[in-house]
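Examination of the molecular architecture
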Amino acid sequence: MRETFHSIEHFILESEDDRVTYQYEGICPRTGELITLPRTRFAEKIARGLMAELPGEREGKMYGVLLVKTPAGETGYLKAFSGLLDGRQEVTGWVPPIPGREKLVWDENEVLARLDALKSEIIRLQAIPDRTSYRELEADFDRRLQSLTDLHRENKRERQERRETGKLSAEELEKLNEISRREGIDRRNLKRERDRVLQPLRERIAESDRRIRELKQQRKNLSKQLQELLYRSYCLTNFAGDSLSLQLLMGDNLLPTGTGECCAPKLLHYAAIQGFIPVAMAEFWWGNSNRDKVAGEFYGACVERCQPLMGFLLSGLQPSLEIIYEDESILAVNKPIDLLSVPGRYRETGDSVITRLRARGKDAIAVHRLDRETSGILLLAKDRESYRELSRQFENREVYKVYEALLSDNITKKEGSIDLPLRPDLDRRPYQIVDTERGKPSITKFRVIGDSRGEFLPLTGRTHQIRVHCQRGLKVPILGDRLYGGKEGDRLYLHARDLAFRHPVSREKIHLHVPTPF
């Protein structure tokens, strides 16, 4: 494993490196939800480092890198190539091929030998001497018939001129008619000779063509048989722990040759069986360019071979969206980290709580927002009336909210209130800053409940309010909050734990609770 896991210590991670440039995506066969894996600037930076190590003059093919975290929290990357590299399936330092094909070496060699024999017989039948003889004789008869036709046409013109003089006797006219009849007989005799000579050749060629069609059908059936053998042998594993063959994954769909040998399936399958957590992936073309691909350019999942597998391969990578409460008017979910509350403007920010609910046939409106990196309770309304009433409760501070967080260090003050007005930094969105003159009022109550662990009750609902109040008010950022200087962690350790409000229709008091996952 260690020889395929490569360090990122030579690559500097900057804030802009998290920018998403493409999303690998697929529908999870378990939940029906859209699952995504981004291509980021940092993944592209690693890929360009790999390009610098590869010779430029070689067969063009797709290469890929997958940025991953190990179960121990170490970050590194894997690299893979499509098909063969310098004629080999396995190369030190690269992700190995998906297992299974080696089990079919003998069956595959037998089928390939039969395919070669069929190909040789087809080539022999396509080159039988009768085809050349037929073409040459047909051309010779065409020339003779054309010459005879031209001669008879000229003779006919001369006879017509003699008839038009009106000076010919009946006997002379009959002689001219007799010449016309003999010339017609000569042409028919030449055509009969042509048919007599060419017909046997034509029949033998037709028989060869019929045999070629049979052999091609046999070759097609054998190729399908070989593909089915390969599809049964290739067994892919995903992050949910499921393992299925290509045949079971694709059903009756006969995929193009090479399916299962592309970069993305190899990288994701290997990461899943090693227990790695994918962070970002980037695939690029390197070597001689072709009409579709240019060396050094990044490309997404190929439509024919990779995209149909992506939903299965990514399954388990993102936790399923858990609905913790639902009735006719409202619903609430336990939002996982790294998921938007509502879809963004662009395709790469399209995955969200709203879009995942819509995939389940549930149409709802988010009453409030949680940061992408924050987990916990998100409340949604199913109709406009419920939305307006719940929004009113949020605006009038009638909603009880409790967040739990792990901080980067201990704090001396055990409880209190933080009152720091906030506004966006227009040059660094979505970064928020404290501004006593132009900032909006922002108040957070807090209480320490353990070592570096605190409860936070925001009385207002500003963007990044708790995160900035920890950084500026408590002087201790939240663990994993890279934006505001927190110590590095595998997530932002902030969770929306409790939410209490009145039901928009029944007016009943509702208190929702989701245990903190850290």
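No experiment lies behind these values; they were computed from the predicted model shown.

**Concerning the side chain of Lys 335**
Along the chain, Lys 335 turns up in strand 11 (residues 330–335). No salt bridge is formed by the buried Lys 335; the nearest opposite charge belongs to Glu 373, separated by 7.3 Å. Of note is the side chain of Lys 335, whose polar atom sits 3.3 Å from the backbone oxygen of Asp 371. Once residues lying within four places of it in the same chain are set aside, the contact partners of Lys 335 are Leu 321, Ser 341, Val 353, Leu 370, Asp 371, Arg 372, Thr 374, Ser 375 and Gly 376.

**So, the nonpolar core**
Judged by nonpolar contacts, the single largest core of 39 residues is most densely connected at Leu 37, Leu 66, Leu 78, Leu 267, Leu 268, Met 281 and Met 310. Counting only elements with at least two residues in this core, the list comes to strand 2 (20–27), strand 3 (34–40), strand 4 (61–69), strand 5 (75–81), helix 5 (246–250), helix 6 (263–274), strand 8 (277–286) and helix 7 (307–314). A per-element tally of this core places helix 6 first, with 7 residues. What Leu 268 contacts, discounting residues up to four positions off in sequence, is Leu 37, Leu 66, Thr 237, Phe 239, Pro 278, Met 281, Met 310, Leu 313 and Leu 314. With 31 residues, the next largest nonpolar core counts Leu 380, Ile 411, Phe 456 and Val 476 among its residues.

**Comments concerning the UniProt feature "coiled-coil region" (unreviewed entry) in the protein chain**
The sites that UniProt annotates as "coiled-coil region" (unreviewed entry) are residues 198–232. Along residues 198–232 one finds 100% helix and 0% strand; the C-alpha atoms at either end are 50 Å apart.

**What about the environment of Gly 87?**
Looking at where Gly 87 falls in the secondary structure, it is placed in the loop between strand 5 and helix 2 (105–126). Gly 87 gets classed as exposed once you look at its relative accessible area, which sits at 60%. Between the alpha carbons of Gly 87 and Thr 460 there is a distance of 63 Å; along the sequence they are 373 residues apart.

**Some remarks on the pairing of strand 19 (residues 453–458)**
Buried residues dominate strand 19, accounting for 5 of its 6 residues. Relative to strand 19, strand 14 (residues 400–406) runs antiparallel, the two sharing 4 bridges. Each bridged residue has a counterpart across the sheet, and for Glu 404 the counterpart in strand 19 is Glu 455.

**Examining the environment of Gly 461**
On the secondary structure map, Gly 461 appears in the loop between strand 19 and helix 10 (465–473). By relative accessible area, Gly 461 is classed as exposed at 64%. C-alpha of Gly 461 to C-alpha of Thr 444: the two residues are 17 residues apart in sequence and 9.3 Å apart in space.

**What about helix 4 (residues 170–233)?**
If you check helix 4, its first and last C-alpha atoms are 91 Å apart, about what 64 residues at 1.5 Å a residue would give, namely 94 Å. A maximum bend of about 35 degrees is found in helix 4 at Leu 198, where proline Pro 200 lies one to four positions downstream.

**So, helix 6**
When the terminal C-alpha atoms of helix 6 are compared, their 17 Å separation across 12 residues agrees well with the 16 Å that a helix rising 1.5 Å per residue should span. Across the 12 residues that make up helix 6, a large majority, 10, are buried. Check the buried side of helix 6 and you find it contacts strand 3, strand 4, strand 5, strand 6 (235–237), strand 8 and helix 7. In the stretch just after helix 6, Gly 275 is the one whose phi turns positive, near 80 degrees.

**Section: the environment of Leu 54**
Structurally, Leu 54 can be placed in the loop between helix 1 (41–53) and strand 4. A relative accessible area of 10% places Leu 54 in the buried class. Note: C-alpha distance between Leu 54 and Gln 146 (92 residues apart in sequence) is 64 Å. For Leu 54, the residues in contact, after removing those within four places along its chain, are Tyr 63, Trp 94, Phe 284 and Trp 286.

**Some remarks on the packing of aromatic side chains**
Applying the stated criterion across every chain, the model contains 9 aromatic pairs. When the centroid spacing of 6.3 Å and the interplanar angle of 75 degrees are considered together, the rings of Phe 284 and Phe 298 count as edge-to-face. Residue Phe 284 is found in strand 8, and its partner Phe 298 is found in strand 9 (residues 298–299); the two are separated by 14 residues along the sequence. No difference in accessibility class separates Phe 284 from Phe 298, as the two residues are buried. An angle of 75 degrees between the planes, with centres 5.1 Å apart, marks the rings of Tyr 493 and Phe 518 as edge-to-face. Of the two residues, Tyr 493 is situated in the loop between helix 10 and strand 20 (494–502) and Phe 518 in the segment after strand 21 (509–513); the sequence distance between them amounts to 25 residues. The rings of Tyr 63, Phe 81, Trp 94, Phe 284 and Phe 298 are connected pair by pair, giving a single aromatic cluster. Between the NZ or CZ atom of Lys 293 and the centre of the ring of Tyr 299, over which it lies, the distance is 5.2 Å.

**Details of unusual backbone geometry**
The omega torsion across Arg 429 and Pro 430 is 10 degrees, close enough to zero to call that bond cis. For Asp 338, which is not a glycine, the phi torsion comes out positive at approximately 60 degrees. Inspection of the secondary structure assignment puts Asp 338 in the loop between strand 11 and helix 8 (353–359).

**With respect to the sheet that holds strand 5**
Here 5 strands make up an open sheet; going across it, the order is 1-5-4-8-9 and the pairing antiparallel. Either end of the sheet is taken by a strand with one partner, and the two such strands are strand 1 (6–7) and strand 9. As paired elements, strand 4 and strand 5 share 7 bridges and run antiparallel to each other. In the strand pairing of strand 5, Val 68 is matched with Gly 76.

**Here we look at the packing of helix 6 against helix 7**
Orientation of helix 6 relative to helix 7, taken along the N-to-C sense of each, is 10 degrees, at an axis distance of 10 Å. In this view, helix 6 runs roughly parallel relative to helix 7, as classed from their interaxial angle. Across the interface between the two elements, Ala 264, Pro 265 and Leu 268 from helix 6 touch Leu 309, Met 310, Leu 313 and Leu 314 from helix 7. Classifying every residue of the contact of helix 6 with helix 7 gives 7 nonpolar, no polar and no charged.

**A closer look at the pattern of salt bridges**
Tallied over the full model, the rule gives 38 salt bridges. The partner of Glu 44 in a salt bridge is Arg 41, and the shortest N-O contact between them spans 3.4 Å. Placement of both Glu 44 and Arg 41 in helix 1 is noted, with a separation of 3 residues, approximately one turn of the helix. Judged by its relative accessible area of 33%, Arg 41 is partly exposed.

**Some points on the side chain of Thr 4**
Structurally, the position occupied by Thr 4 is in the segment before strand 1. Polar contacts involving the side chain of Thr 4 include one to the side chain of Tyr 270, which spans 2.8 Å.

About the thresholds
- Residues numbered from 1 in each chain as written.
- Predicted model: local features only at pLDDT ≥ 70, side-chain atom pairs only at ≥ 80, totals over all residues.
- Heavy atoms only, no water.
- Helix = DSSP H or I, 4+ residues; strand = E, 2+ residues; numbered from the N terminus.
- Buried < 20%, exposed > 50% of the residue type's maximum accessible area, 1.4 Å probe, protein only.
- Lys, Arg positive; Asp, Glu negative; His and termini not counted.
- Salt bridge = Lys/Arg side-chain N within 4 Å of Asp/Glu carboxyl O.
- Polar contact = N/O pair within 3.5 Å; in protein donor to acceptor, adjacent residues only side chain to side chain.
- Contact = heavy atoms within 4.5 Å.
- Core = buried A, V, L, I, M, F, W, Y, C linked by side-chain atoms within 4.5 Å.
- UniProt positions renumbered as here; feature names shortened; annotations may be inferred.
- Pairing = 2+ DSSP bridges.
- Expected span 1.5 Å × (residues − 1).
- Bend = angle between axes of the 7 residues up to and from the residue.
- Phe/Tyr/Trp six-rings, centres within 6.5 Å; stacked < 30°, edge-to-face > 60°.
- Lys NZ or Arg CZ within 6 Å of the ring centre and 35° of its normal.
- Axes fitted to C-alpha atoms, helices over the stretch in contact; angles between N-to-C directions.
- Parallel < 35°, antiparallel > 145°, perpendicular 65-115°, else oblique.
- Nonpolar A, V, L, I, M, F, W, Y, C, P; charged D, E, K, R; others polar.

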